[in-house]
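An overview of the molecular structure
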Amino acid sequence: LAKTTQPISMDSYEGQEVNITCSHNNIATNDYITWYQQFPSQGPRFIIQGYKTKVTNEVASLFIPADRKSSTLSLPRVSLSDTAVYYCLVGTLSGNTPLVFGKGTRLSVIA
Amino acid sequence: DTAVSQTPKYLVTQMGNDKSIKCEQNLGHDTMYWYKQDSKKFLKIMFSYNNKELIINETVPNRFSPKSPDKAHLNLHINSLELGDSAVYFCASSQVVGGELFFGEGSRLTVL
């Protein structure tokens, strides 16, 4: 079973900032939080990963509160090409358990 | 260079047939996976191999048989295909189990 809960879908207009929140109440001490993006007819691809506080890269930011029971993926100034399904996953980086995908959040960006 | 490549990309076949999907990765990763994505878009892990050894075998009918001839290849053979096998099958690899996943483009299987 997936260890995360996300909204099923979200809509946004171009140019807006989009925040997708993921709940992971049972996150383990050694678990990291990873987000993947999947475009139609493609495999998922890695966006960002973090353990605590804030992580930022050229694509997104990831905010993780102190209790780590949730996390928020922030996409700045989305464009139509950001329309995709976004998956939040939790797991250890070198354990014996592969990452389990939940249902993801379908983001639709509107012009 | 494509990091994870799968063939064929599309496969249409009749019920009862046997088919194979091949996967190759040139990333030097130790771990490879097969995921199944059904019509509802749920992405479920099927198998995982680490250094050619099967380490994860989720609840999958034994009609599905993975084979890993070497670390860079993981093939999926399906016997006696059923309508419910229609899905997109994704191959993926990672340096370690649970590490960042690199996916192929998927193989869309349609069983008629």
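Residues numbered from 1 in each chain as written. Chains lettered and ligands numbered in written order. Predicted model: local features only at pLDDT ≥ 70, side-chain atom pairs only at ≥ 80, totals over all residues. Heavy atoms only, no water.

Some details on the state of the cysteines
Residue and element names in this part refer to chain B. Note the cut-off: Whenever a pair of cysteine sulfur atoms sits within 2.5 Å, that pair is classed as a disulfide. In this description a helix means any DSSP run of H or I spanning at least four residues, a strand means any run of E spanning at least two, and both kinds are numbered starting from the N terminus. Buried residues are those whose accessible area, probed at 1.4 Å on protein chains only, stays under 20% of the maximum for their type, while exposed residues exceed 50% and partly exposed ones sit between those limits.
Scanning the model with the defined rule gives 2 disulfides over all chains in all. The disulfide partner of Cys23 is Cys91, and the gap between their sulfur atoms is 1.9 Å. In this structure the cystine formed by Cys23 and Cys91 twists about its S-S bond by roughly -80°; its chirality is therefore left-handed. With Cys23 in strand 3 (residues 19-25) and Cys91 in strand 9 (residues 87-94), this pair connects stretches of sequence that are 68 residues apart. Per residue, the accessibility class of Cys23 equals that of Cys91, and both read buried.

Looking at the interface of chain B and chain A
Many structure descriptions define interface size as the accessible area lost when the parts assemble. This is how it is decided: The contact rule is simple, with two residues in contact once any of their heavy atoms fall within 4.5 Å. Buried area adds together the accessible area that both of two parts lose upon being put together, with accessible area traced by a 1.4 Å probe. Any pair of N or O atoms that falls within 3.5 Å is considered a polar contact. Within protein, one atom must be able to donate a hydrogen and the other to accept it, and sequence-neighbouring residues count only if both atoms are side-chain atoms. Following the grouping adopted for this structure description, the nonpolar residues are Ala, Val, Leu, Ile, Met, Phe, Trp, Tyr, Cys and Pro, the charged ones are Asp, Glu, Lys and Arg, and the polar ones are all others, Gly among them.
Contact residues are listed per partner, giving 18 residues for chain B and 19 residues for chain A. Across the interface of chain B and chain A, roughly 1,500 Å² is buried in total on both sides, 60% from carbon and sulfur atoms. Together, Leu43(B), Val97(B) and Gly98(B) form the three largest contributors to the area buried by chain B at its contact with chain A, with a combined 30%. Here chain B is connected to chain A by 3 residue pairs in polar contact (both at pLDDT 80 or more). When residues of the side of chain B that touches chain A are traced back to their parent elements, those giving at least two are strand 4 (31-37) and strand 5 (43-50) of chain B. Broken down by element, the residue count for the side of chain B that touches chain A peaks at 3 residues, all from strand 4 of chain B. Of the residues in the side of chain B that touches chain A, the class split is 11 nonpolar, 4 polar and 3 charged.

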